Amino acid sequence: MRKLLSLMVLSLFTAAFAQNVIINPQGIVVNPEPSFEVDVRLNRDGATPSYQIGENISISTTVSADSWVYLFNVRSDGEVVQILPNELDEEGRNNYLRAGQTKTFPPPGARYSFAVSGPTGLDKVIAVASRNQLSTSTLASFTQGEQMFTSNIGESGFASALSIIVQPLPQGDWVTDTAHFWVGSPPARPTTGTLRVESSPSGAAAYVDGDFIGYTPVNYTAAGGSYNLRVEASGYETFSQRVTIRNGETTGITASLSEVRRTGTVSFRSSPNRAD
């Protein structure tokens, strides 16, 4: 059985490495203006599902446009494991997906499985989709005898290296997504809660305390407390609201955006003057 090495939340960053690269408060590298979407999800429902050590887990990813897709696993000991592409089989070696296509790992009929391993904690799976093939050798490299690409650059090193890889790409040519899950049982007293932000129309930019968190619909996990939520979309009035995140709970907010009412002035002239 092939174990899926457990993940650990990346260190929190708030600075942008480049104009089109943002590392949001949850340590996720995001593109503020992607032109397509990638979705990564697990085989268990819930915003942050739980897996016990030894349980099997599967990971699925879908893209809305033809693109190259990469899946990463960052361990708490600093090791990075590249889940896709991999050398386990032909499905793993091919990481080019067509629009609307879904890939699941392990694939149906695979002779291997992924099982969750320690340590316990809140983990994440990171998906990166790009219209251009990426060189991920600075993130993970092949070691003789291994079937997956790995490195020991650590959590902050992974975020920094990924931002450098995607920075030269056109703004709309890459996008990321992240799935969280607990390894082991969640804390008896949850230390975080989730804010679920949706909007009408969807695809609006969401900000918490001024920091970009993604495009709606989007989940944001943080310690319980009050936060300033702002939702923006071109051609619509900005939505602002003070929201409360409660530990262990999911708070849902739907921003109904109103179209901007545009006015102007028209001038009339006549010959002769002073006509009605």
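Quick caveat: nothing in here was measured; it's all calculated off a predicted structure.

With that out of the way, let us pick up the packing of aromatic side chains. Considering all chains together, one arrives at 7 aromatic pairs under this definition. With a centroid separation of 5.5 Å and an interplanar angle of 85°, the aromatic rings of Tyr51 and Phe181 are classed as edge-to-face. With a gap of 130 residues between them, Tyr51 in strand S5 (residues 50–51) and Phe181 in strand S15 (residues 174–183) connect regions that are remote in the sequence. Relative to Tyr215, the ring of Phe212 has its centre 5.2 Å away and its plane inclined at 70°; by these criteria the two rings are edge-to-face. A residue is classified by how much of its surface remains accessible, and Phe212, at 7% relative accessible area, is buried. Among the aromatic residues, those joined into a cluster by ring pairs are Tyr207, Phe212 and Tyr215. The positively charged end of Arg44 is found above the aromatic ring belonging to Tyr51, 4.4 Å away from the centroid. Over the aromatic face of Tyr207 sits the side chain of Arg230, whose NZ or CZ is 4.3 Å from the ring centroid.

Both faces of strand S17 (residues 205–208) are covered, namely the face carrying Ala205 and Tyr207 and the face carrying Ala206 and Val208. Adjacent in sequence and paired antiparallel, S17 and strand S18 (residues 211–215) are bridged by 2 residues, among which Asp209 carries a positive phi angle near 50°. Pairing geometry for S17 and strand S20 (residues 225–232), over 4 bridges, is antiparallel. When the bridges of S20 are listed, Ala205 appears paired with Glu232.

The rules we used
- Residues numbered from 1 in each chain as written.
- Predicted model: local features only at pLDDT ≥ 70, side-chain atom pairs only at ≥ 80, totals over all residues.
- Heavy atoms only, no water.
- Phe/Tyr/Trp six-rings, centres within 6.5 Å; stacked < 30°, edge-to-face > 60°.
- Helix = DSSP H or I, 4+ residues; strand = E, 2+ residues; numbered from the N terminus.
- Buried < 20%, exposed > 50% of the residue type's maximum accessible area, 1.4 Å probe, protein only.
- Lys NZ or Arg CZ within 6 Å of the ring centre and 35° of its normal.
- Pairing = 2+ DSSP bridges.

No statement about biological role is implied by the geometric values presented.
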